[in-house]
Amino acid sequence: MESVVNDNPDKHRFEISADGELAGFAAYRLREGAITFTHTEIDSRFEGKGLGSKIARTVLDEARSRGLRVYAQCPFIAGYIDKHPEYQDLLAD
């Protein structure tokens, strides 16, 4: 399965597609110097395929590349950061 993550700023979310079909998203709010992840959702048809981890990794890498601090209100993103300490430095104080 080929999957791709793209930012959809009009909807304030990153979207992940699997084989050309929307499979999930990570919603966010932007403000100067920071991004708040509010909700992550993977369609039940695509669960268990690693897409949640892929979108989490991609959005956190994107936040790093943009120089943004991260507020992880979304339990999935917060849990991903807990399990992957290489992203701890992104968290806002």
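The sections below set out a description of the structure shown in this document. (Residues numbered from 1 in each chain as written. Predicted model: local features only at pLDDT ≥ 70, side-chain atom pairs only at ≥ 80, totals over all residues. Heavy atoms only, no water.)

## A few points about the overall build of the protein chain
Rules: Counting from the N terminus, the helices are DSSP H or I runs at least four residues long and the strands are E runs at least two residues long. Each radius of gyration reported is based on C-alpha atoms, and the globular scaling rule is 2.2 Å times the count of residues to the power 0.38. Burial here depends on accessible area, computed with a 1.4 Å probe over protein chains only, as a share of the maximum for the residue type. Under 20% is buried, over 50% is exposed, and the range in between is partly exposed. Two residues qualify as a contact provided that any one of their heavy atoms is within 4.5 Å of a heavy atom in the partner residue. Using the Shrake-Rupley algorithm and a 1.4 Å probe, accessible areas are obtained, with residue cover drawn only from the displayed protein chains. Neither His nor the chain ends is counted toward charge; the positive residues are Lys and Arg and the negative residues Asp and Glu. For this purpose, a charge sits on NZ of Lys, CZ of Arg, CG of Asp or CD of Glu.
What the protein chain contains, in helices and strands, is two helices and five strands. A compact globule built from 93 residues would reach a C-alpha radius of gyration of about 12 Å, and the protein chain, at 12 Å, matches this within 12%. In terms of principal-axis extent, the alpha carbons of the protein chain reach across some 35 × 30 × 20 Å. When the 93 residues of the protein chain are sorted by exposure, 39% land in the buried category. Taking the intrachain contacts of the protein chain between residues at least 6 apart in sequence as the baseline, contacts between residues at least 24 apart amount to 39%. Approximately 5,400 Å² of the protein chain is accessible, and the part contributed by carbon and sulfur atoms is 46%. Counting 12 positive and 16 negative side-chain charges, the protein chain places the centres of these two groups 2 Å from one another.

## Section: the pairing of strand E5 (residues 69-72)
Heads up, the rule is: Strand pairing is assigned whenever DSSP identifies at least 2 bridges connecting the two strands. Here the term right-handed applies to a crossover when the path leading from its first strand over the helix to its second strand runs clockwise, the strands being oriented away from the viewer.
The pairing of strand E4 (residues 34-42) with E5 spans four bridges and is classified as parallel. Counterpart to isoleucine 35 in the pairing with E5 is valine 70. As for the winding sense of the linkage, the β-α-β connection from E4 through helix H1 (residues 51-66) to E5 is right-handed.

## Brief notes about the sheet that holds E4
Paired through backbone hydrogen bonds, the strands of a sheet run either parallel or antiparallel to each other. Here is the rule we go by: To obtain an axis, a line is fitted to C-alpha atoms, over the contacting stretch when the element is a helix, and the angle between two such axes runs from 0 to 180 degrees between their N-to-C directions.
Ordered in space as E1-E2-E3-E4-E5, the five strands form an open sheet in which the pairing is mixed. Looking along the sheet, the strands with just one partner apiece sit at the ends: strand E1 (3-8) and E5. With strand direction ignored, the average angle separating the axes of adjacent strands in the sheet is 25°. The sheet contacts of H1 involve E1, strand E2 (13-18), strand E3 (21-31), E4 and E5, and relative to E2 the element is tilted by about 140°.

## With respect to the packing of aromatic side chains
Inclusion rule: When the centres of two rings from Phe, Tyr and Trp lie within 6.5 Å, Trp using its six-membered ring, the rings pair. Their planes under 30 degrees apart give stacked, over 60 give edge-to-face, and anything left gives tilted. Working rule: Lys NZ or Arg CZ, within 6 Å of ring centre, within 35 degrees of ring normal, means a charge sits over the ring.
Scanning the entire structure with this criterion turns up two aromatic pairs. Taking NZ or CZ as reference, arginine 13 lies 4.5 Å from the ring centre of phenylalanine 25, over its face.

## Quick look at the environment of phenylalanine 46
Mapped onto the elements, phenylalanine 46 comes out in the loop between E4 and H1. Apart from the residues within four sequence positions on either side, phenylalanine 46 is in contact with Met1, Ala18, Glu21, Leu22, Ala23 and Leu51.

## Observations concerning the nonpolar core
Condition: To qualify as a nonpolar core, a set must consist of buried Ala, Val, Leu, Ile, Met, Phe, Trp, Tyr and Cys residues joined through side-chain atoms within 4.5 Å.
In this structure, Phe14, Ile35, Phe37, Val59, Leu60, Val70 and Ile77 are the most contacted members of the largest nonpolar core, which totals 25 residues. Sorting the residues of this core by element identifies E2, E3, E4, H1 and helix H2 (75-83) as the ones contributing at least two each. No other element matches H1, which puts six residues into this core.

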